[in-house]
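# Fold and contact review
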Amino acid sequence: MMSKLLSNWSLSRVFFAFLGAFALHRLEVLRHYYWTDFYPTYFPVSKFEGAIFLLKTNNALITRGVLNDIFIAFLVAAASYFLLSGMRRKILLSAVVMFVVAAVLSANIEHIIYNGSHLKFGHVNNALSFTFISAQATPGFFKNLALFFIASQFLFLIGAFIPKQREISYVCTALVVGMYVFQPIERNLLASDILQASIIDVSSFSDDFNSDLREFTLTANANANDEINPTTDYNVLLVFMEGISNANINEREMPNLSKLKENNLSFDRYFGNALLTANGLYSSLLGDYPNIFSRVLKWEQLTPQSELLNNSIASKLYEKGYQTTFMQSAPLAYMKKDTVLPMLGFKEVIGDHNFTGFAHSRNSWGVDDRTLFKNALDVIEGQDEERPWFMSLLTTGTHSPYNVPADYQPSVQPTRSRAIHYLDYSVNELIDELGDRGISDNTVVILTSDESRATLTENPVKSQLSLHWLPLIVIHPESLKMSFNQTLDSRSLKKIVKIALVDEPSYLSEFSDIPGQSLILINHYSNKLIYYLKEEEILLFCQMPKLICRKIDGVKDPLAIVPDQAQKTFRFENLAAHLRAISSEN
């Protein structure tokens, strides 16, 4: 029996082993989609009824995804089979390869849970970061790793006893190659990528689209050179709440933030230009677009010679005599913040290594949000009272795997909900403490986010838009209260700060007069781009990098799009050059 296990080496045996892991991975993808996207939309009476309805309404998408899985499993199996065939310990080495594949599939599930898309080759740099790996090594990752690996090993062992291995291998090869050649897997532009694609995407879009030759015009970096000339001695506390969407600011999830939004200044159509913390900080602090086509971060391309550095909010305020501090829970080396933040004008940069005292909770992303705020208050109290200060805080508690004290609402599920509630509680405590200490009397507090991780599920376009929809709440010493609805992106933050620091009796009209903007919103995780042309009331929902776009007319408010709104699909021939010019990409 042992000799048969060791000697019966065939392509079909390796293929079925990998196929087992990919099949379980697909089931886990469907389970996640069911609870996060499908169930909140349709509220089926039972799980069984919901599962049947999910399969019926998404059968074409799921079929595409399964065909992708089969083809990728075959490619991996074929590569492993031919590479290992001449080796003495090929059975042992095949187990190592299967373990690695199981780890990649498990990491992909984690990526889907947090980013809503499959892993791409461009994300390999995260695998080289100890901070990221240690933070993301969740119990769910290890559970799936064990499940996928055991499944592949079980099928690999069973395969040793199946007769006519060579013939089966030929049949498998013919079926998989024939399937791909004669039934190409075409993707649906608007539908969920996690359903129709795989971890390596072999599907494609049809080239049968009309071309649109329109020319595009948009002023690039319209906010980058805004001068900030304070005529008050107001301090500025800018809080980036990790991964919080404006959709989270409601009575159920964040009741305290909801009240702060209602009783102060709020900008309800404020959008982040791109997902990922470094992109959010880059656009917000520098007033510039991130890279649109390249996954390389402009944040990490900054050098001391970069002209944009002098235009950052921190640099501008430092020139006016402000003390400048950036403070976060996480290690500063991750995303090169220890290098970049001082270049942006932050003269004091505080990270994980500075938090040596008591913390309510810790994980690989650092201390919890409440502890971060407590330490921030201590730093504020230590500032020179003769000079105003600008402090920026970045929380991490609402980043997977979520940092919440074990005794805080232990019955609330899932963990992300606990983390959001805890952040809401901590922010409210921070605002109360600022008031009790008299700090809020001359401090502008701005509550926003680096990126959004909540989705609205009414339709695919709105779902993608909501991944950019950020809160922007301004708590002003003058007790101003108003909601604004012009479309703005995170490059506008400098303009908000500029107005807030001027001794202006008509603050409200100044904020109201900020012109609404066209929007360019990039999601490198799912290769989606949204281009909202405000003046023309047109929204383009595009697949990158080919820029095959669904054109939606009559859009006065991007978040008011309805599923049956007039839509046509085009390839916009001049759009790529236009976007590259805007983002200064080669």
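Just so it is clear, the structure is predicted and the values come from calculations on it, not from any experiment.

### Section: the overall build of the chain
The number of helices and strands found in the chain is 20 helices and 19 strands. The buried share of the chain, taken over its 586 residues, is 58%. Across the chain, every contact between residues at least 6 apart in sequence was considered, and the portion connecting residues at least 24 apart equals 74%. Per element, the accessible surface of the chain, about 25000 Å² overall, is 57% carbon and sulfur.

### Re the sheet that holds strand β13 (residues 482–484)
Strand order in the open sheet formed by 8 strands is β6-β5-β9-β2-β10-β12-β3-β13, with mixed pairing between adjacent strands. A strand with exactly one partner marks an edge of an open sheet, and here the two such strands are β6 (348–350) and β13. The mean angle between the axes of side-by-side strands here comes to 15 degrees, regardless of whether they run parallel or antiparallel. Note that strand β2 (residues 235–240) and strand β9 (residues 389–394) share 5 bridges and pair parallel. The residue bridging L238 from the neighbouring strand is S392, located in β9. Across the face of the sheet, helix α10 (residues 255–263) comes into contact with β3 (265–267), β10 (443–448) and β12 (473–475) while running at roughly 70 degrees to β12. Sitting on the sheet, helix α11 (residues 277–286) is in contact with β2, β5 (323–328) and β9, with an inclination near 155 degrees to β2.

### Regarding the packing of aromatic side chains
Scanning all chains against the criterion turns up 14 aromatic pairs. These aromatic residues form a ring-pair network of at least three members: F15, F16 and F74. Looking at K347, its charged tip hangs above the ring of Y318, at a distance of 4.6 Å from the centre. Directly above the aromatic system of F293 lies the positively charged group of R580, at a separation of 4.1 Å from the ring centroid.

### A short note on the environment of L559
Along the chain, L559 falls in the loop between β18 (548–553) and β19 (567–572). For the pair L559 and S463, spaced 96 residues apart in sequence, the C-alpha to C-alpha distance is 9.4 Å.

### Focus on the sheet that holds strand β4 (residues 270–271)
Pairing within the open sheet is mixed, and its 3 strands lie in the order β11-β4-β14. The strands lining the two open edges of the sheet, one partner per strand, are β11 (469–470) and β14 (488–489). In this structure, β4 lies alongside β11, joined through 2 bridges in antiparallel fashion. When the sheet's bridge partners are listed, F271 is paired in β11 with W469.

### Considering helix α16 (residues 415–436)
The end-to-end C-alpha distance of α16 is 31 Å, a good match for the 32 Å that 22 residues give at a rise of 1.5 Å each. A positive backbone phi angle near 75 degrees is found at G438, which sits one or two residues after α16.

### Overview of the pattern of salt bridges
Taken as a whole, this structure holds 16 salt bridges when the rule is applied. Its salt-bridge partner being K316, residue E227 comes within 2.9 Å of it at the nearest N-O pair. Of the two residues, E227 sits in the loop between β1 (210–212) and β2 while K316 sits in helix α13 (residues 313–319), which places them 89 residues apart along the sequence. Residue classification places E227 among the partly exposed residues on the basis of a relative accessible area of 36%. Judged by relative accessible area, K316 falls into the buried class, the value being 6%. Close ionic contact of R491 with D489 constitutes a salt bridge, the shortest N to O distance being 3.0 Å.

### Observations regarding the nonpolar core
One finds F267, W299, L344, F390, I446, L501 and F511 to be the most contacted residues of the largest nonpolar core, which totals 55 residues. In this structure, A17, Y34, A73 and L105 belong to the second largest nonpolar core, which totals 38 residues.

### Section: the pairing of β10
Counted residue by residue, β10 has 6 buried out of 6 residues, so it is predominantly covered. What you see with β10 is no split at all: T443, V445 and L447 on one side and V444, I446 and T448 on the other are buried throughout. Examined bridge by bridge, β2 and β10 share 6 bridges and lie parallel to one another. Residue L237 lies in a different strand from β10, and its bridge partner there is V445.

### Considering a nonpolar patch on the surface
On the surface, V96, F99, V100 and V104 cluster together into a nonpolar patch covering about 320 Å² of accessible area. Among the structural elements, V100 can be located in helix α5 (residues 90–115).

Cut-off values and rules
- Residues numbered from 1 in each chain as written.
- Predicted model: local features only at pLDDT ≥ 70, side-chain atom pairs only at ≥ 80, totals over all residues.
- Heavy atoms only, no water.
- Helix = DSSP H or I, 4+ residues; strand = E, 2+ residues; numbered from the N terminus.
- Buried < 20%, exposed > 50% of the residue type's maximum accessible area, 1.4 Å probe, protein only.
- Contact = heavy atoms within 4.5 Å.
- Areas by Shrake-Rupley, 256 points an atom, 1.4 Å probe, with all protein chains shown as cover.
- Pairing = 2+ DSSP bridges.
- Axes fitted to C-alpha atoms, helices over the stretch in contact; angles between N-to-C directions.
- Phe/Tyr/Trp six-rings, centres within 6.5 Å; stacked < 30°, edge-to-face > 60°.
- Lys NZ or Arg CZ within 6 Å of the ring centre and 35° of its normal.
- Expected span 1.5 Å × (residues − 1).
- Salt bridge = Lys/Arg side-chain N within 4 Å of Asp/Glu carboxyl O.
- Core = buried A, V, L, I, M, F, W, Y, C linked by side-chain atoms within 4.5 Å.
- Patch = residues over 30% accessible without salt bridge, like charges linked within 9 Å, V, L, I, M, F, W, Y side chains within 5 Å.

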